[in-house]
Amino acid sequence: MADALSVIPASVLRNLSDKLYEKRKNAALEVEGIVKQLAASGDHEKISAVISLLTTEFTYSPQANHRKGGLIGLAAATVGLTSEASQHLEQIVPPVLNSFSDQDSRVRYYACEALYNIAKVVRGDFIIFFNQIFDALCKLSADSAANVQSAAHLLDRLVKDIVTESDQFSIEEFIPLLRERMNVLNPFVRQFLVGWITVLDSVPDIDMLGFLPDFLDGLFNMLSDSSHEIRQQADSALSEFLQEIKNSPSVDYGRMTEILVQRAASPDEFTRLTAITWINEFVKLSGDQLVPYYADILGAILPCISDKEEKIRVVARETNEELRSIKGEPEEAFNVGAILSIARRQLDSQWEATRIEALHWISTLLDRHRSEVLCFLNDIFDTLLKALSDSSDEVVLLVLDIHACIAQDPPHFRQLVVFLVHNFQIDHSLLERRGPLIIRRLCVLLDPERVYRELSTILEEEADLDFACIMVQALNLILLTSSELSELRKLLKQSLANAAGKDLFVSLYASWSHSPMAIISLCLLAQMYQHASAVIQSLVEEDINVKFLVQLDKLVRLLETPIFAYLRLQLLEPGRYVWLLKALYGLLMLLPQQSAAFKILRTRLKTVPSYSFNGDQLKLASSGNPYSQITLDGDITHANGNLQNEIDFASSLKQFQQIQQQHRLLAAKTQAQSRNDSTSLLKEVPKAEEPQHPPTSKTNGPPSRLSKKGPGQ
């Protein structure tokens, strides 16, 4: 201190702390001259003493003017040292940096000015303090005083120039500092950071691309900034980096992909578009390198396929196709289970397009990696079944394609049909809305006979009789009306002449017995007219209810369709098909005379010609032996060379009657329960309301699980 006081006149020190800038400036010039003389004589001890005096007595003084003077003095001393200033930087720079956080904005301004002048002198030697200077500039870029911001901006430009020409700059030491500040929200700081990233990236010797994963997320975060200028700067920087990635032979795609996947779900539209664009380029550029990240990428792409912004949808679809075209193998870290998990989750998406693409992925995986997919079948099967209730027909059809592919293996086929029937049972609306579509599509994808045989086997053992009846009626209607089942109908029509047709008829009979009208329809389709007549004759009073008449109405109308054209043509030969005529008249007798169905059927029967009967045929048709046969040639026979003789119709009729008896008992039980409930309600609230009388039949009431023996088995 004494050495410094001996070389600096008291008047200079006094003027250095004067409130007038001009006096401080003149005093600083004198300090510069003194230091220059000391440097020329090589007296660095006194120079250090002068710097120490300026630091302790001025820059750390409680008086603002002293601090201002000290900063000007330190800058002047550096100028006086010129080329020898580097050896004193450890003394000069720290007090200047400390002044950047001064409470007085004027002091902060002078600190910027001082450091600017110091940097101009020392240039590259300045780099050792770069991280501290960068930290200080980062804070000053958001300073509340406009003049301080302006001064910091000038200093920043100079520091950038020094860094770009220096070979001592350490990018490895700088990146952690940059990464810490990338999520700052202040717009001035963000501009400052993007500016530095851009400048450093422009330096050929600095590999910013190698460290891109460290600050990529921060750049993407800036894309949603409220300032258009910041968004534009961040986008420009990202575009430049993407171009560099395209031209670089070695890129760390993995870490960046993790960031992009997260940003693809950003609520900001521009961020999503940029992220999905980067992912698209990564998939094209890296291909197999991204195999371990396929599931994550798919999780980002699928939601974007349904994005409200068309540009995002287009890029997402293109990326999806690119990704699906790359055939990864499990041994290459291609995680089938992870991709299936993503696709399964996306099946719950509210957007149809996303659900469709998720199903396409499951289908693709089944095609390429069937054995691996089947290992995860338990994880996706319930979701696939649930998807059968989807509001979109396209989704349902795709799900059925997948189910059909899985069902190529017999155990999985059985499992599919069992689960399908179970879903129809717990959700009757699914059967009403989707039942025909699902059954018809399965029959196209799989063998229709196989499908119907399996359904029949399951329903034959069904304990919920009401559901079994509803399901059989639905299956029967599909069988009679769907073009996809035309071959199955042809087979059944040949039941009397073809062993395969006869076996199919027998396999359907037990389950079809849950519905009188279904079994009658089956007999008419199979040309088992005599048995149809026997079934009609076996019906009792309890069977003829509203639901039965509704089904009968449907059958009468179906008889007028092209499907039953062969039956109507057979009426031209009433003598040959006397049991057909008797069956149709039996149906007519069950219909109310005022119903439209009665009029339709009566009109049809009036057209039957009265000729072609002979006495023996009429006598047989009205005889007490319902199973004496009239052959296809119209001849009377008793068990002669006809496949019809291989069917035990008497046992079949008994089986039908036993199943119908179970339905009657269930209906009676349901009615009794309903009456008891009504009585209890009346006792609790005697005058509150009139009791609700149950309908005469409750065949479609709540499911009741009754044990069922297989009659006729």
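Since the structure is predicted, the reported quantities are computational estimates derived from the model, not experimental observations. (Residues numbered from 1 in each chain as written. Predicted model: local features only at pLDDT ≥ 70, side-chain atom pairs only at ≥ 80, totals over all residues. Heavy atoms only, no water.)

Describing the overall build of the protein
Line of reasoning, step 1. Counting its secondary structure elements, the protein contains 36 helices and two strands.
Line of reasoning, step 2. Evaluated residue by residue, the protein yields a buried proportion of 53% over its 713 residues.
Line of reasoning, step 3. Across the protein, the fraction of contacts at a sequence separation of at least 24, relative to all contacts at a separation of at least 6, is 72%. (Helix = DSSP H or I, 4+ residues; strand = E, 2+ residues; numbered from the N terminus. Buried < 20%, exposed > 50% of the residue type's maximum accessible area, 1.4 Å probe, protein only. Contact = heavy atoms within 4.5 Å.)

Brief notes about the UniProt feature "repeat: HEAT" (unreviewed entry) in the protein
Line of reasoning, step 1. Mapped onto the present numbering, the UniProt feature "repeat: HEAT" (unreviewed entry) falls at residues 92-127.
Line of reasoning, step 2. Taken end to end, residues 92-127 is 72% helix and 0% strand, and its first and last C-alpha atoms sit 14 Å apart. (UniProt positions renumbered as here; feature names shortened; annotations may be inferred.)

Digging into helix H31 (residues 546-558)
Line of reasoning, step 1. Between the first and last C-alpha of H31 there are 19 Å, a value that for 13 residues agrees with the 18 Å anticipated at 1.5 Å per step.
Line of reasoning, step 2. Along H31, the residues classified as buried are Phe-548, Gln-551, Leu-552, Leu-555, Val-556 and Leu-558. Buried residues of H31, seen end-on, are gathered within an arc of 155 degrees and therefore sit on one face of the element.
Line of reasoning, step 3. On its buried face, H31 is in contact with helix H26 (465-481), helix H29 (516-525), helix H33 (578-590) and helix H34 (596-606).
Line of reasoning, step 4. Where H31 begins, one side-chain oxygen reaches toward the backbone nitrogen of Lys-547, 3.1 Å away; that side chain belongs to Asn-545. (Expected span 1.5 Å × (residues − 1). Arc of directions from axis to C-beta. Polar contact = N/O pair within 3.5 Å; in protein donor to acceptor, adjacent residues only side chain to side chain.)

Some remarks on the side chain of Thr-78
Line of reasoning, step 1. Looking at the element boundaries, Thr-78 is found in helix H5 (residues 64-81).
Line of reasoning, step 2. In this structure the side chain of Thr-78 is engaged in a polar contact, spanning 2.9 Å, whose partner is the backbone oxygen of Leu-74.
Line of reasoning, step 3. With residues near it in sequence (within four places) discarded, Thr-78 still touches Ala-85, Ile-92, Ile-118, Val-121 and Val-122.

Notes on the packing of aromatic side chains
Line of reasoning, step 1. On inspection of all chains with the given rule, the structure shows 20 aromatic pairs.
Line of reasoning, step 2. Each ring, one from Phe-134 and one from Trp-196, has its centre 5.8 Å from the other, and the planes form 80 degrees; the classification is edge-to-face. Of this pair, Phe-134 sits in helix H8 (residues 130-140) while Trp-196 sits in helix H11 (residues 187-201), and the two are 62 residues apart along the sequence. Exposure class is identical for Phe-134 and Trp-196. Each is buried.
Line of reasoning, step 3. With a centroid separation of 5.9 Å and an interplanar angle of 55 degrees, the aromatic rings of Trp-278 and Phe-282 are classed as tilted. Placement of the pair is Trp-278 and Phe-282 together in helix H15 (residues 269-286), with a separation of four residues, close to one helical turn. Phe-282 shares its class with Trp-278; the two are buried.
Line of reasoning, step 4. One Lys or Arg, Arg-450, reaches over the ring of Phe-413 and ends 3.8 Å from the middle of that ring. (Phe/Tyr/Trp six-rings, centres within 6.5 Å; stacked < 30°, edge-to-face > 60°. Lys NZ or Arg CZ within 6 Å of the ring centre and 35° of its normal.)

Observations regarding helix H16 (residues 294-304)
Line of reasoning, step 1. Along H16, eight of the 11 residues are buried, which leaves the element largely enclosed by surrounding structure.
Line of reasoning, step 2. Looking only at H16, the buried set comprises Tyr-294, Ala-295, Ile-297, Leu-298, Ala-300, Ile-301, Leu-302 and Cys-304.
Line of reasoning, step 3. Against the buried residues of H16 lie helix H14 (253-263), H15, helix H17 (310-325), helix H18 (336-346) and helix H19 (352-368).

Details of unusual backbone geometry
Among all residues except glycine, the phi angle is most often negative; among peptide bonds, the trans geometry is most common.
Line of reasoning, step 1. One non-glycine residue, Arg-123, lies in positive phi territory at about 50 degrees.
Line of reasoning, step 2. Structurally, Arg-123 is set in the loop between helix H7 (105-122) and H8.
Line of reasoning, step 3. With a phi angle near 60 degrees, Gln-527 is a residue other than glycine that sits in the positive phi range.
Line of reasoning, step 4. Here Gln-527 shows up in the loop between H29 and helix H30 (529-538).
Line of reasoning, step 5. On the basis of relative accessibility, which here comes to 18%, the residue Gln-527 falls in the buried class.

Quick notes on the layout of surface pockets
Line of reasoning, step 1. Taken as a whole, the second largest pocket spans an internal volume of roughly 320 Å³.
Line of reasoning, step 2. As for the second largest pocket, its lining consists of 14 residues, of which His-153, Asp-156, Phe-188, Gln-191 and Phe-192 are closest to the centre.
Line of reasoning, step 3. Contributions of two or more residues to the lining of the second largest pocket are made by helix H9 (146-165), H11 and helix H13 (228-247).
Line of reasoning, step 4. In terms of residue count, H9 provides more of the lining of the second largest pocket than any other element does, six residues in total.
Line of reasoning, step 5. Of the residues in the lining of the second largest pocket, the class split is four nonpolar, six polar and four charged. (1 Å grid on protein atoms, 1.4 Å probe; cavity = no way out; pocket = protein on both sides within 12 Å on 5 of 7 lines; lining within 4 Å. Points joined across faces, edges and corners; volume = space filled by probe spheres on them. Nonpolar A, V, L, I, M, F, W, Y, C, P; charged D, E, K, R; others polar.)

Remarks on the nonpolar core
Line of reasoning, step 1. By size, the foremost hydrophobic cluster in this structure holds 235 residues, and its most contacted members are Trp-278 and Tyr-452.
Line of reasoning, step 2. The element best represented in this core is H7, accounting for nine residues.
Line of reasoning, step 3. When sequence neighbours within four positions are dropped, the list of residues in contact with Tyr-452 reads Ile-439, Cys-443, Leu-475, Ile-478, Leu-479, Leu-485, Leu-488, Leu-508 and Trp-512. (Core = buried A, V, L, I, M, F, W, Y, C linked by side-chain atoms within 4.5 Å.)

Overview of the environment of Thr-82
Line of reasoning, step 1. When you line up the elements, Thr-82 lands in the loop between H5 and helix H6 (89-99).
Line of reasoning, step 2. Among the residues examined, Thr-82 registers a relative accessible area of 43% and is labelled partly exposed.
Line of reasoning, step 3. Between the C-alpha atom of Thr-82 and that of Lys-120, which follows or precedes it by 38 residues, the distance is 9.8 Å.

Here we look at the environment of Leu-591
Line of reasoning, step 1. Mapping Leu-591 onto the fold places it in the loop between H33 and H34.
Line of reasoning, step 2. Note: C-alpha distance between Leu-591 and Ile-544 (47 residues apart in sequence) is 9.4 Å.
Line of reasoning, step 3. Residues contacting Leu-591, with those up to four places away along its chain left out, are Leu-552, Val-556, Ala-597, Phe-598 and Leu-601.

A few points about the pattern of salt bridges
Line of reasoning, step 1. All told, the structure shown has 34 salt bridges when counted by the stated rule.
Line of reasoning, step 2. The salt bridge partner of Arg-181 is Asp-135, with a shortest N-O separation of 2.2 Å. Of the two residues, Arg-181 is situated in helix H10 (residues 171-181) and Asp-135 in helix H8; the sequence distance between them amounts to 46 residues. Pair check on accessibility: Arg-181 and Asp-135 agree, each one buried. (Salt bridge = Lys/Arg side-chain N within 4 Å of Asp/Glu carboxyl O.)

A closer look at the environment of Cys-375
Line of reasoning, step 1. Structurally, Cys-375 can be placed in helix H20 (residues 370-375).
Line of reasoning, step 2. Considering only alpha carbons, one finds Cys-375 and Val-336, 39 residues apart in sequence, at a separation of 9.8 Å.

Brief notes about the confidence of the model for the protein
Line of reasoning, step 1. Across the protein, the average pLDDT comes to 86, with 88% of residues at or above 70.
Line of reasoning, step 2. Counted against residues more than four places away or in other chains, residues 623-641, with its pLDDT under 50, gives 39 contacts. (pLDDT = per-residue confidence, 0-100.)

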